[in-house]
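Structure at a glance
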Amino acid sequence: MNAFLAGNSLMRGLYCWLAANQGNAQECSPGWQPGMAARDGLLPAGWEWLAFAVTASVAAFLVLNLFLLLAMFYTYLERRLIGRFQVRIGPNRTGPWGLLQPVADAIKLLTKESIIPDGADRWLFNLAPIAMVVTMFMVLAVLPFGEGTFIADINVGLLFLIAVTSVNALAVFMAGVASGNRYAMFGGVRAVAQLISYEVPMVLSVVGVLLLAGSLSLVDIVNAQRVPFLLLQPLGFFIFVVGASAEMNRPPFDTLEAESEIVAGYHTEYSGMKFGYFWLAEYSAVLTTSGVIATLFLNGWQGPLLPSHVWFLLKVFGLAFVFIWVRSTLPRVRIDQTMAFAWKFLLPLGLLNIFVTAAEILVLGQPQGEGRVFSTGGLWLMAGINVTVTIGSVAVFSRLVSLRTPALPVPAAHLSRVEAR
Amino acid sequence: MTTGLGLSAAPPGERYKRLLPGAMSMRSEPVTVNVGPQHPSTHGVFRLRVTFDGEIILDVEPIFGYLHRGSEKLAEERTYTQVITLTDRLDYVASMTNNQAYVLAAEKLAGLRPPERAMYLRVIAAELQRIASHLMATGFLLNDLGAFATPLMYCFREREKILDLFEMLCGARITLSYMRVGGVFQDAPEDFWPALRKFLKEMPGYIDEYEALLVENEILVTRTRGVSVLTVDHALNASVTGPMLRASGFPWDLRVVDPYEVYDRVRFDVPVGKAGDNYDRFKIRLDEMRQSLRIVEQCVEQIEPGPVRAESPALLRPPAGDAYARIEGPKGELGFYLVSDGSIAPYRFKLRAPSFINLTVLRDLVIGWKLADMIVTLGSIDINMGEVDR
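Residues numbered from 1 in each chain as written. Chains lettered and ligands numbered in written order. Predicted model: local features only at pLDDT ≥ 70, side-chain atom pairs only at ≥ 80, totals over all residues.

1. Description of the overall build of chain A
We apply this condition: Each helix corresponds to a stretch of at least 4 residues labelled H or I by DSSP, and each strand to a stretch of at least 2 residues labelled E; elements are numbered beginning at the N terminus. Every C-beta atom is placed from the backbone, and the number of other C-beta atoms within 10 Å of a residue's own sets its class: buried at 20 or more, exposed at 12 or fewer, partly exposed in between. In this description, any two residues whose backbone-derived C-beta atoms lie within 7 Å of each other are considered to be in contact.
The helix and strand inventory of chain A stands at 15 helices and two strands. C-alpha atoms of chain A, sized along the principal axes, occupy 105 × 60 × 40 Å. Scored against the burial criterion, the 421 residues of chain A give a buried share of 42%. Across chain A, the fraction of contacts at a sequence separation of at least 24, relative to all contacts at a separation of at least 6, is 73%.

2. Description of the overall build of chain B
Operational definition: The atom set for the radius of gyration is the C-alpha atoms, and the globule formula is 2.2 Å times the number of residues raised to the power 0.38.
A tally of regular secondary structure across chain B gives 16 helices and eight strands. Against the globule reference of 21 Å for 390 residues, chain B gives a C-alpha radius of gyration of 22 Å, in line with a compact fold. If you line up chain B on its principal axes, its C-alpha atoms span 75 × 50 × 40 Å. Within chain B, the fraction of its 390 residues that count as buried is 54%.

3. Overview of the pairing of strand 6 (residues 321–328) of chain B
Residue and element names in this part refer to chain B. Selection criterion: At least two bridges found by DSSP between two strands are what make those strands a pair.
As paired elements, strand 6 and strand 7 (residues 333–340) share eight bridges and run antiparallel to each other. Bridge pairing links alanine 323 to leucine 338 in strand 7. Following strand 6, the chain reverses through four residues before pairing antiparallel with strand 7; glycine 332 in that reversal takes a positive phi of roughly 145 degrees.

4. Describing the environment of Ala60(A)
Inspection of the secondary structure assignment puts Ala60(A) in helix 3 (residues 48–85). When the C-alpha positions of Ala60(A) and Lys315(A) are compared, they lie 22 Å apart, and in sequence the two are 255 residues distant.

5. As for the interface of chain B and chain A
Spelled out, the test is: Polar here means any residue outside two lists: the nonpolar Ala, Val, Leu, Ile, Met, Phe, Trp, Tyr, Cys and Pro, and the charged Asp, Glu, Lys and Arg; Gly therefore counts as polar.
With 47 residues of chain B at the contact, the number on the chain A side is 44 residues. Secondary-structure elements contributing two or more residues to the side of chain B that touches chain A are strand 1 (31–35), helix 5 (116–144), helix 6 (150–170), helix 8 (218–224), helix 9 (232–237), helix 14 (362–366) and helix 15 (371–381) of chain B. Residues of the side of chain B that touches chain A, tallied by class, amount to 25 nonpolar, 15 polar and seven charged.

6. Digging into the sheet that holds strand 3 (residues 56–63) of chain B
Within a beta sheet, neighbouring strands are joined by backbone hydrogen bonds and run either parallel or antiparallel to one another. Residues and elements named next belong to chain B. Let me state the cut-off plainly: Fitting a line to C-alpha atoms yields each axis, with helices limited to the stretch in contact; the angle taken between N-to-C directions then spans 0 to 180 degrees.
One open sheet accounts for three strands, arranged 1-2-3; its pairing is antiparallel. Bordering the open sheet on either side are strand 1 and strand 3, each of which pairs with just one other strand. Pairwise comparison of adjacent strand axes, ignoring direction, gives a mean angle of 20 degrees for this sheet. Pairing of strand 2 (residues 47–53) with strand 3, which is carried by seven bridges, proceeds in the antiparallel orientation. Residue arginine 47 lies in a different strand from strand 3, and its bridge partner there is isoleucine 63.

7. Topic: the domain arrangement of chain A
Residue and element names in this part refer to chain A. Put simply, the test is: An automatic or database domain assignment supplies the start and end points of every domain.
Domains assigned within chain A are domain 1 (3–59) and domain 2 (114–400). Between the C-alpha centres of domain 1 and domain 2 there is a distance of 35 Å. Counted by class, the side of domain 1 that touches domain 2 contains three nonpolar, three polar and no charged residues.

8. Focus on the sheet that holds strand 6 of chain B
Residue and element names in this part refer to chain B. Judged by pairing direction, the sheet is antiparallel, and its three strands sit side by side in the order 6-7-8 without closing on themselves. Of all strands in the sheet, those with a lone pairing partner are strand 6 and strand 8 (348–352), marking the two edges. Between one strand axis and the next, the sheet turns through 10 degrees on average, direction left out of account. On the sheet, helix 4 (residues 95–110) packs against strand 6 and strand 7 and is oriented at approximately 150 degrees with respect to strand 6.

9. Some thoughts on the environment of Met24(B)
By secondary structure assignment, the location of Met24(B) is in the loop between helix 1 (13–19) and strand 1. According to the C-beta neighbour criterion, Met24(B) is buried, with 22 such atoms within 10 Å.

10. Re the nonpolar core
Put simply, the rule is: Each nonpolar core consists of buried Ala, Val, Leu, Ile, Met, Phe, Trp, Tyr and Cys residues. Their C-beta atoms, within 7 Å, join them into a set.
Val172(A), Ile293(A), Ile57(B), Ala105(B) and Ala106(B) are the most contacted members of the largest nonpolar core, which totals 218 residues. Per-element accounting of this core gives the leading share, 17 residues, to helix 5 of chain B. Each of domain 1 (3–59) and domain 2 (114–400) of chain A contributes no fewer than three residues to this core. Setting aside residues up to four positions removed in sequence, Ile57(B) forms contacts with Val50(B), Phe52(B), Val366(B), Ile367(B), Gly368(B), Trp369(B), Lys370(B), Leu371(B) and Met374(B).

11. Comments concerning the confidence of the model for chain A
The condition that has to hold: Scored from 0 to 100, pLDDT reflects the predictor's confidence in each residue.
A residue-level look at chain A finds 94% of positions with pLDDT of 70 or above and a mean pLDDT of 84. For chain A, per-element mean pLDDT is lowest for helix 2 (residues 25–28) of chain A, which scores 68, and highest for helix 10 (residues 234–247) of chain A, which scores 90.

12. Here we look at the packing of helix 5 of chain B against helix 12 (residues 278–302) of chain B
Residues and elements named next belong to chain B. As a reminder, the rule being used: Comment on the angle field: the value is read as roughly parallel under 35 degrees, roughly antiparallel over 145, roughly perpendicular from 65 to 115, and oblique elsewhere. Here is the rule for handedness: rotate from the far helix to the near one, and if that takes an anticlockwise turn smaller than a right angle the crossing is left-handed, while a clockwise turn gives right-handed.
At a minimum axis distance of 9 Å, the contact between helix 5 and helix 12 shows a crossing angle of 160 degrees. Viewed along their axes, helix 5 and helix 12 adopt a mutual orientation that is roughly antiparallel. Helix-helix and strand crossings are classified by hand; for helix 5 and helix 12 the assignment is left-handed. On helix 12, the residues touching Tyr120, Val123, Ile124, Glu127, Leu128, Arg130, Ile131, His134, Ala137, Thr138 and Leu141 of helix 5 are Phe282, Arg285, Leu286, Glu288, Met289, Ser292, Ile295, Val296, Cys299 and Gln302. Partitioned by chemical class, the residues of the contact of helix 5 with helix 12 number 13 nonpolar, four polar and four charged.

13. A look at helix 15 of chain B
All names here are of chain B. Among the eleven residues in helix 15, eleven count as buried, and that is most of the element. For helix 15, the complete set of buried residues consists of Leu371, Ala372, Asp373, Met374, Ile375, Val376, Thr377, Leu378, Gly379, Ser380 and Ile381. Looking one or two places after helix 15, you find aspartate 382, whose phi comes out positive at around 60 degrees.

Structure, rendered in structure tokens:
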């Protein structure tokens with residue numbers, strides 16, 4: 001039970017205050033040597049489970065609420081930035097510089113009536129927004145926000161992350177089908193197609209990271225990055241970012257809720273705070289995904305001079321800015337082209353990336369223990385090869401792969417074509 | 001479990017299997033969806049009853065009339081000057097050209113000839129209006145493509161400047177009523193000309209900006225090239241006019257083939273598309289904006305001081321007869337047919353609305369394509385429900 005204390009400064013303080021004793025002296029009492037008396041916590045021995053429960057609850061509460069505050073600020077940031085991109089001002093009426101706009105939005109959504117349509121399946125309809133938000137929050141459980149700041153460092157962290165984010169597709173499909181609205185159904189069906197398709201290249205793209213780090217634990221992955229994996233895995237980074245924008249249904253892959261086509265897609269029928277949940281999930285997904293990208297590819301919390309948490313936030317908001325930039329620039333990809341892009345373009349590139357990375361590890365790495373280590377020169381050589389492979393393969397694939405699909409052939413009899421007189 | 005999708009009410013797939021070989025390849029039912037009249041991208045209150053096989057469009061039934069206000073009948077109870085205000089509300093994003101077509105018809109009926117300066121002012125105003133209308137069309141088309149309002153906002157930024165110019169001319173921004181039978185409402189104020197010159201100087205740069213933003217964008221090109229192709233034959237048979245016909249490759253522009261006002265004194269090119277697909281219909285409007293700027297520039301050089309209104313009685317009573325006048329509106333051939341019985345109000349007022357007639361090809365253009373393409377095609381036709389429903 002004590003293993004989780006080792007690197008976790010977020011939970012150690014409270015846990016040790018409650019349950020420090022001889023058994024966990026190594027973690028809880030600084031400067032402890034075998035034979036010395038250990039610190040004594042509030043609770044008697046045998047009550048560690050209570051200390052653990054309390055500590056974990058407090059940590060989860062703190063992380064969740066701080067994250068929600070951050071997400072609120074992020075919605076403000078996104079709206080202001082998009083305002084700038086669109087040569088307008090953006091929200092600036094509520095509070096100083098419009099900073100209270102998210103609060104006003106939240107109050108509005110909370111006080112609005114939450115309508116359940118007659119044709120809706122009540123259970124699924126109510127469950128969908130909860131499923132969406134909960135799965136999004138579960139990502140926070142394994143994400144390291146700073147040095148020693150995480151809720152859990154599980155040894156299958158990356159796998160957990162992928163598994164949890166996949167549930168999102170189910171939530172969207174539930175919302176789409178349960179609404180009893182045809183636009184919502186379009187959104188739901190598109191969601192199943194798109195979200196599941198983009199899971200595949202996304203998972204393939206992180207295999208490269210996994211091979212290099214030799215661990216599924218996110219903390220180990222950050223520690224393994226002597227140089228950011230962005231340099232060693234540019235192709236993986238590209239696939240992951242593209243796949244992540246599709247998973248978050250951000251433009252240019254926002255076909256699930258394409259406003260100009262299917263009104264609001266899967267959440268057409270939602271109102272009040274249930275709509276608010278979807279909205280919250282989508283906006284905060286940008287933050288969690290940016291956090292995952294920063295952890296996997298951008299050195300996580302590591303960085304010179306500034307505290308680790310600040311570095312992490314800087315990276316997260318830097319990536320979020322890119323997502324906002326893309327959102328305010330690019331037109332939407334059509335759904336069949338979205339699918340073709342995943343299967344014809346990203347999937348082969350993902351496989352290529354795994355192959356190249358594995359070959360490099362075999363050739364450049366020197367065996368040490370169970371894994372292989374790289375010399376600094378080897379790492380830079382690897383970065384050089386991978387950047388070349390990325391540019392080359394993307395260039396070749398964009399020549400080779402055509403995303404255009406022809407229309408269904410229509411016989412003249414079905415058309416109302418006016419004939420010349 | 002009831003999902004309320006009403007699938008049992010949908011027409012059986014067998015019919016579409018017969019009509020469209022290749023459709024309904026999976027064991028499923030076609031789904032009928034009402035797109036509109038309340039839909040973000042039907043450009044007003046247009047309604048389409050669309051039958052889908054998944055995402056593929058099997059059939060489209062356009063339904064309109066939601067904005068019918070009886071403009072043609074209303075005109076029969078108004079004097080010839082009052083009718084001008086009705087024409088403002090037909091194509092409400094291009095009031096100036098509506099005014100122009102109407103006053104040309106009324107002048108033909110009454111046998112009036114406006115002074116030179118008035119004709120130049122009208123052409124300047126009409127060309128500015130064309131730019132404004134094309135800006136709206138381009139912006140909304142890109143919005144339909146899912147570009148999240150950024151190009152739309154860019155387009156609106158310049159449209160604002162044109163509306164400011166209109167405000168200088170006549171005090172109004174949307175429902176302008178600037179033109180009168182026999183001239184224009186008033187001469188342009190002194191500060192109009194420097195403002196117009198400034199606009200003419202800046203605008204080409206802004207058009208470059210739109211082109212740099214998205215015209216070569218891979219997503220846009222993939223989504224619009226080769227989609228919903230309108231052949232020249234089909235366009236001519238369906239009486240399609242305006243940018244839509246020219247995008248199909250037929251150089252038909254009433255400003256050239258049947259010049260009115262002072263168009264025979266200015267030089268400009270008629271941009272023509274090649275394929276007649278959504279991309280050409282999008283691109284041709286950007287090209288036409290540049291030509292409109294050329295026309296305005298030449299008019300500003302050529303315009304001479306003088307009166308802006310012909311001598312005419314305050315209450316016009318044209319002799320009994322009829323007249324048809326047509327102009328090249330932003331959306332196509334805009335024609336007004338007026339019949340007079342010698343009284344102060346037209347006996348009959350008939351409008352040839354270009355976007356209504358262009359809309360008739362929509363069904364043939366979109367069948368077999370996907371939902372997203374239909375929205376873009378509708379945007380590329382550039383309809384205005386005020387004009388379609390009247």
